[in-house]
Amino acid sequence: QVQLVESGGGLVQAGGSLRLSCAASGTFFGINAMAWYRQAPGKQRELVAGIARDGNTNYADSVKGRFTISRDNARNMVYLQMSSLKPEDTAIYYCATIVPDQPGTFRVGSWGQGTQVTVSS
């Protein structure tokens, strides 16, 4: 089991930047990737960015070119650098582990408690 603790959220004006951090602890066996999700009020939780063990990354179209996911394996940390923030980026941001499920598929293994990001216009 992996425990995840996010930090770095807050209130920022449109066009500003924030850096979210995720501290991971516990047993990391079987984890394929780490990811950031977000959930805005009244909307479903959505994948924002993911980073695999080999460092490959993927992003939601809505954040490409503005957000960067990175990891520090030695410190068991995952980061999300967010720039050029927009009001529509306002959401609770969650860190997650990605683990194998059925053959060829993956699922979220663990969630953090979330950190609020609010972007004012």
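It should be noted that the structure appears before, not after, this text.
Every chain begins its residue count from 1, and numbering advances along the sequence as written. Owing to the predicted nature of the model, reporting of local features is limited to residues with pLDDT of at least 70; listing and counting of side-chain atom pairs is limited to 80 or more, with chain, interface and lining totals taken over all residues. Heavy atoms throughout the structure, all of them, feed into the side-chain values; hydrogens and water do not.

Enquirer: A description of the state of the cysteines should follow, citing residues and the corresponding values.
Expert: The definition used for a disulfide is geometric: two cysteine sulfur atoms within 2.5 Å. Scanning the entire structure with this criterion turns up 1 disulfide. Disulfide pairing places C22 opposite C95 at an S-S distance of 2.1 Å. Between C22 and C95, the S-S torsion sits near -80°, and that sign places the bridge as left-handed. One end of the pair, C22, is in strand β3 (residues 18-26); the other, C95, is in strand β9 (residues 91-100), with 73 residues separating them in the sequence. The exposure class assigned to C95 is buried, which follows from its relative accessible area of 0%. Under the scheme used here, helices are H or I runs from DSSP no shorter than 4 residues and strands are E runs no shorter than 2 residues, and both carry numbers assigned from the N terminus. Partly exposed describes any residue whose relative accessible area lies between the buried limit of under 20% and the exposed limit of over 50%, with all areas from a 1.4 Å probe on protein chains only and scaled to the type maximum.

Enquirer: Tell me about the nonpolar core, and name the residues and values.
Expert: Counting residues in hydrophobic clusters, the biggest one holds 28 residues, and the most contacted among them are W36, V48, F67, L80, M82 and Y93. Every element with two or more residues in this core is listed here: β1 (2-7), β3, β4 (33-39), β5 (46-52), β7 (67-72), β8 (77-82), β9 and β11 (115-120). If near-sequence neighbours (up to four positions away) are discounted, F67 is found in contact with R38, V48, Y59, L80, Q81, M82, S83, L85, D89 and Y93. A33, A35, A96 and I98 belong to the second-largest nonpolar core, a separate cluster that totals 6 residues. By nonpolar core we mean a set of buried residues, namely Ala, Val, Leu, Ile, Met, Phe, Trp, Tyr and Cys, connected to one another through side-chain atoms within 4.5 Å. The contact rule is simple, with two residues in contact once any of their heavy atoms fall within 4.5 Å.

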